[in-house]
Structure formats: C-alpha cells, structure tokens
Amino acid sequence: MNPKKNLAISLRQQNKSYNEISTTLGIAKSTLSEWFKNNRDSERVKRLLSRANSPRVAERIKKFVSTNREKWLKWRQQARFEAESEFRQQASKPLFIAGLMLYWGEGDSKTKNPLRLTNSSADMIALYTKFLHRALKVPKEKIRVGLILYKDISQKQAEKFWSETSGLPRNQFYKTQYIVGRHPTKRLENGICMIIVNSAYLKEKVLKWIDLLAKTI
C-alpha cells in the first residue's frame, strides 16, 4: 500500500480532518476523499468532527450576522443623516419636490426593493426621469427601464416610445415582461413602464426625504 496512504489512514483514525491531513502530508483533499470512500472509520470521524464543529459554526454565523447588522445600521444612519442635510438644500426646488411627490404616490416603498417607479403615463415617466438625472444627479447610464406589455402590443414600438419618453437608450432596457390577455383601454397602447435605479443607499435617502416632506406639509 502507498506509504502516504497508510499515514493518512493513521491520521484519520486519530480523528484528524481532511484539512489537517492534507496540510501534514501534502495530499490533495480530492485524493483523500477517494482513499476514504466507504471507509467506516473515516465516516465515524466525519460525524464526530461535524458534531464538534456545529457549536463553533453556529457561533461564527451568529457573529457574522451581528457584525453585518451593525454595518447595515451604521450605513442606514449615514444615508438618513445625509438626506436631512440635503433636504434643507433642495426643499425650495420644484423638480425635487415634484419628483418626491411622484415617488410618494407611485414608487415602490419596500426597502428591500430597488428604487422603482411604475406607471403608464408618459408625462409622469418623463418628469420622474428628469428628477433622477437633474435633481438627484443619477448618471443616465445608471438608470434602467423595464416594460410590462400585453401580448398584442408591439415590443419594438413600445421600446421606441418609452426610450424617447425617458431619454434613455434601448440598451438600458430589461427583458420585457408580458401580461396574458388584451389591454382594456387605449391608454395602455404602449404598456406600462418601470424606471429603476439599483441603489439601496439612494432608496434610503428618497424614503427619508418623503418622510421629511410629509412633516413639512
């Protein structure tokens, strides 16, 4: 038998892990796995190590969750602090207030979702896109568009319409979603448009600005 295999078996019988044996003998873990396949002693050690590591793994997970929660709370606090200062500077600007009002009424308010406004009104989409780009200084290349269409609406025509409306190129459009059935009225002839910015930090600010706006009205 291979001398290293004998040593590996001996170390495994001493309850050594694959990592420890691999480091000691310079043998790949894939080789050890092949050697110990269907080996009862190795399976016993595996169960033993698994039980021994469980509390440590659980503790590491708990620590990881706690650390990330602290980071998230600090990050959120920083975003809201900046939002308060920026609100005082922007509150007198019509486009800023108009954009917040639009998002307040039509935007996605769930913090886990992206900054997303959905509507079928071309005027509303055009104004909201200006709000993002001009008032919030979001680069146009960071703004994405999603369409929801009925099957009888031309995707090419709808993309052209919403591209011209939003001022955003068609290569920034997500894959179109379709609704089964026919559109009930002519106002949906170009479908429904979603304007999306994937920034949790900006989303936190927008929600804080809306909260401040509500308190000043």
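So, about the packing of aromatic side chains. Taken as a whole and judged by the stated rule, the model has seven aromatic pairs. Between the aromatic rings of Phe96 and Phe131, the centroid separation amounts to 6.4 Å while the plane-to-plane angle is 45°, which identifies the pairing as tilted. Of the two residues, Phe96 sits in helix 5 (residues 94-106) while Phe131 sits in helix 6 (residues 122-135), which places them 35 residues apart along the sequence. Residue Phe96 shares its accessibility class with Phe131, and that shared class is buried. With 5.1 Å between their ring centres and 75° between their planes, Phe96 and Trp209 make a pair best called edge-to-face. Of this pair, Phe96 sits in helix 5 while Trp209 sits in helix 8 (residues 200-216), and the two are 113 residues apart along the sequence. Residues Phe96 and Trp209 agree in their burial class; the two are buried.

Take the packing of helix 5 against helix 6 next. At their nearest, the axes of helix 5 and helix 6 sit 9 Å apart, and the two run at 125° to each other. Overall, the two elements helix 5 and helix 6 adopt an arrangement that is oblique. Crossing handedness for the pair helix 5 and helix 6: left-handed. Contact residues: Leu95, Phe96, Ala98, Gly99, Leu100, Leu102, Tyr103 and Glu106 in helix 5; Met124, Leu127, Tyr128, Lys130, Phe131, Arg134 and Ala135 in helix 6. Residue composition of the contact of helix 5 with helix 6, grouped by class: 11 nonpolar, one polar and three charged.

With five of six residues buried, strand 4 (residues 192-197) lies mostly within the body of the structure. Where strand 2 (residues 143-150) meets strand 4, six bridges bridge the pair, whose relative direction is antiparallel. From the neighbouring strand, Gly146 faces strand 4, where its bridge partner is Met194.

Next up on the list: the nonpolar core. In terms of nonpolar packing, the biggest core is built from 35 residues, with Leu100, Tyr128, Leu132, Leu136, Ile195, Val206 and Trp209 touching the most fellow members. Within the residue set of this core, elements represented by two or more residues are helix 4 (40-90), helix 5, strand 1 (115-119), helix 6, strand 2, helix 7 (155-166), strand 4 and helix 8. Per element, the largest residue contribution to this core is six residues, and it comes from helix 8. Of all hydrophobic cores here, the second largest spans six residues; its members include Ala8, Leu11, Ile21 and Ile27.

Reading the values: rules and limits
- Residues numbered from 1 in each chain as written.
- Predicted model: local features only at pLDDT ≥ 70, side-chain atom pairs only at ≥ 80, totals over all residues.
- Heavy atoms only, no water.
- Phe/Tyr/Trp six-rings, centres within 6.5 Å; stacked < 30°, edge-to-face > 60°.
- Helix = DSSP H or I, 4+ residues; strand = E, 2+ residues; numbered from the N terminus.
- Buried < 20%, exposed > 50% of the residue type's maximum accessible area, 1.4 Å probe, protein only.
- Axes fitted to C-alpha atoms, helices over the stretch in contact; angles between N-to-C directions.
- Parallel < 35°, antiparallel > 145°, perpendicular 65-115°, else oblique.
- Left-handed = near helix turned anticlockwise from the far one by under 90°.
- Contact = heavy atoms within 4.5 Å.
- Nonpolar A, V, L, I, M, F, W, Y, C, P; charged D, E, K, R; others polar.
- Pairing = 2+ DSSP bridges.
- Core = buried A, V, L, I, M, F, W, Y, C linked by side-chain atoms within 4.5 Å.

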